[in-house]
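# Structural description and commentary
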Amino acid sequence: RKLKQLPAGKGQTLLEFFVGGLIDFFGGILGEHGKKYVPFVGSYFIFILFLNYLGLFPGFQSPTADLNTTLALGVTAVIGVQIIAIKENGLVGYLKHFVGEPAWLGPLMFPLHLIGELARAGSLSIRLFGNIFGEETVIISLTALGVTAIPAIAGVIPWIPIQFPMMLFGLFGGFLQALVFSMLTSIYIVTFLEHDDSGEHGAEAHH
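Residues numbered from 1 in each chain as written. Predicted model: local features only at pLDDT ≥ 70, side-chain atom pairs only at ≥ 80, totals over all residues. Heavy atoms only, no water.

Under the defined criterion, the tally for this structure stands at two salt bridges. Between E88 and K36 there is a salt bridge; the shortest N-O distance is 3.2 Å. Remark: K36 occurs in the loop between α1 (10–34) and α2 (38–54) and E88 occurs in helix α3 (residues 67–99); sequence separation between them is 52 residues. Overall, K36 belongs to the partly exposed group, its relative accessible area being 47%. (Salt bridge = Lys/Arg side-chain N within 4 Å of Asp/Glu carboxyl O. Helix = DSSP H or I, 4+ residues; strand = E, 2+ residues; numbered from the N terminus. Buried < 20%, exposed > 50% of the residue type's maximum accessible area, 1.4 Å probe, protein only.)

Written as structure tokens, this is what we have:
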């Protein structure tokens, strides 16, 4: 609410640095034509990152450690990609993408492409769920070990946070999983942009 044309404090400077980094990173994946969809994938990154980090606070669980949450994220991401694809290619061009080339293989390729899109939602959700659930399980197990096993060892201080190294790994893993989810969503968008574009943009986007 206090944004200024020229940043007066460190808060806005850091915010602009973070947002600029997201725009440059995802914009590089999406290409010039797809750069307008950076807010879509960038919002996924920020939202999932906060959900992942929530479980690192005592007494909280990451919502992404629940398969229901990650399935909802995966399904909405894939639906969003389909909406973008229809907007960019038109309904006819969108359906042509599913039919593929040559057209006479359409009856075979269409259901395969449809299953592939559904599988993307499952892949996004299960990958995110498995990694975050695994990290939280290890942290909880190490915390329980610190409460029960360590006090029994003579000369060791009971409150040593032996789960701390895993929590540091959780910071890295939470960031990485949010990045992977949003990167894959960006790549899914590019596949439809490539279908619409040709020439230099198509080669650049593929690269």
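Let us keep going from here.
This paragraph deals with the side chain of S62. With respect to the helices and strands, S62 occurs in the loop between α2 and α3. The exposure class of S62 is buried, given its relative accessible area of 2%. Within polar-contact distance, the side chain of S62 engages the side chain of E136 at 2.6 Å. When sequence neighbours within four positions are dropped, the list of residues in contact with S62 reads L51, N52, L54, G55, I132 and E136. (Polar contact = N/O pair within 3.5 Å; in protein donor to acceptor, adjacent residues only side chain to side chain. Contact = heavy atoms within 4.5 Å.)

Inspection of every chain in the model, using the stated rule, returns one cavity of 30 Å³ or more. Of the volumes computed, that of the largest cavity is approximately 60 Å³. N52, G55, L56, S62, I132, E135, E136, I139, G170 and G174 are the residues that line the largest cavity. Mapped by element, the contributors of at least two residues to the lining of the largest cavity are α4 (106–148) and α5 (164–196). The element best represented in the lining of the largest cavity is α4, accounting for four residues. A class-by-class count of the residues in the lining of the largest cavity yields three nonpolar, five polar and two charged. (1 Å grid on protein atoms, 1.4 Å probe; cavity = no way out; pocket = protein on both sides within 12 Å on 5 of 7 lines; lining within 4 Å. Points joined across faces, edges and corners; volume = space filled by probe spheres on them. Nonpolar A, V, L, I, M, F, W, Y, C, P; charged D, E, K, R; others polar.)

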